[in-house]
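Inside the fold
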Amino acid sequence: GGENTFGYHLVNLILHCFNAWFLYLLIRLFFKTPYLENALSSPNVLAFVAATIFLCHPLQTESVSFIWQRSELLHAFFYFLTLLCYFQGRLKKWNVYFLFAALFFIFGFYSKGMIVSLPLLLVVLECGLWTLSRRKGYTIILFLGGLIFLKSYLSFFEEPWAVYSQVVMVPLTKLTNTILTWEHFWTQLYVAVKYLILTIFPLSQNLDYDIPRAVSFWDPRVCLSAGILVGLIGYALIIWKKRRLLAVVIFWFFIALLPSSLLGGRDPM
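Residues numbered from 1 in each chain as written. Predicted model: local features only at pLDDT ≥ 70, side-chain atom pairs only at ≥ 80, totals over all residues. Heavy atoms only, no water.

This part covers helix α11 (residues 220–238). Under the 1.5 Å per step criterion, the end-to-end length of α11 is 27 Å for 19 residues, consistent within 8% with the ideal 27 Å. Of all the residues in α11, the buried ones are Val222, Ser225, Ala226, Leu229 and Ala236. Viewed end-on, α11 has its buried residues packed into an arc of 105°, placing them on one side of the element. Seen from the buried face of α11, the exposed residues on the opposite side, beyond 90 degrees, are Pro220, Leu224 and Ile238. Taking the backbone nitrogen of Arg221 as reference, a side-chain oxygen 2.9 Å away marks Asp219 as the first, capping residue of α11. (Helix = DSSP H or I, 4+ residues; strand = E, 2+ residues; numbered from the N terminus. Expected span 1.5 Å × (residues − 1). Buried < 20%, exposed > 50% of the residue type's maximum accessible area, 1.4 Å probe, protein only. Arc of directions from axis to C-beta. Polar contact = N/O pair within 3.5 Å; in protein donor to acceptor, adjacent residues only side chain to side chain.)

Given below as structure tokens:
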């Protein structure tokens, strides 16, 4: 494309549409799992509405409009494909789907490292949507452990210090080019709530948010944000048995934010 940005934007838009379609398919598969198969009479409607919101939500503007955010779109593309293959493997009991899930996980890792949180999400989905026998539980744990090992191996292959930096993060701040301080963590509490607010009320968006850093936990913004987040997690635990899907979604939100919150770049948001 050279300096003509039309092609870049078109490919980004196509990827985003695929991601919305994958989300639609994924939500339909949710309602074929043991805990949700009789929860709704027409899950296709819910899946369509959710995918449409995902497709058109103003928060997606940056991912589609920024050329360099192609990595974000590709990360989501392979994230959803990994989940789709994993769910098909669990529902149809075909092991070949798990091989494809592992392959797409690798592709996603090379698109953007944020996919490292996906094995943790699969654990939550397993606990939330399936009733596991001991044998199946061990098999799933081995598969998820294999994904984590695979990610660590690829990190080591790319840069031997990358694995170590995930275990001993603070001494390697300069090497990983991240901000691993308490100030960063306090700020991320406020940022997480900011994301929640923008999801519900996408007003005053900015392509480059200027978030002032919190110097201590006792910053009023941090205390209030921590209370909101703890309350949200507590609510998810309370409704776990009666409203399983909502609880899973709440945990998904936190899991998706974990990599950027713990290993964020120079900008807090």
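Moving on, we get to the side chain of Ser117. Among the structural elements, Ser117 can be located in the loop between α5 (95–111) and α6 (118–129). Residue Ser117 is classed as buried on the basis of its relative accessible area, which comes to 7%. Ignoring any residue separated from it by four or fewer positions in sequence, one finds Ser117 in contact with Tyr79, Ile255, Ala256 and Pro259. (Contact = heavy atoms within 4.5 Å.)

Right, let's get into the pattern of salt bridges. Considering all chains together, one arrives at three salt bridges under this definition. As a salt-bridge pair, Glu126 and Arg90 come within 2.7 Å of each other at their nearest N and O atoms. Taken together, the residues Glu126 in helix α6 and Arg90 in helix α4 (residues 70–92) connect sequence positions 36 residues apart. In this structure, Glu126 and Arg90 share a single accessibility class: buried. With a closest N to O distance of 3.5 Å, Asp219 and Arg221 form a salt bridge. We classify Asp219 as buried; its relative accessible area is 18%. In this structure Arg221 comes out as partly exposed when scored by relative accessible area, which is 24%. (Salt bridge = Lys/Arg side-chain N within 4 Å of Asp/Glu carboxyl O.)

In this structure, Leu26, Phe30, Leu83, Phe87 and Leu125 are the most contacted members of the largest nonpolar core, which totals 56 residues. Broken down by secondary-structure element, the contributors of at least two residues to this core are α1 (6–30), α2 (43–56), α4, α5, α6, α10 (182–200), α11 and α12 (244–262). When residues in this core are grouped by element, the largest group, eleven residues, is from α4. One finds Val191, Tyr209, Ile211 and Met269 within the second-largest nonpolar core, a separate group that totals five residues. (Core = buried A, V, L, I, M, F, W, Y, C linked by side-chain atoms within 4.5 Å.)

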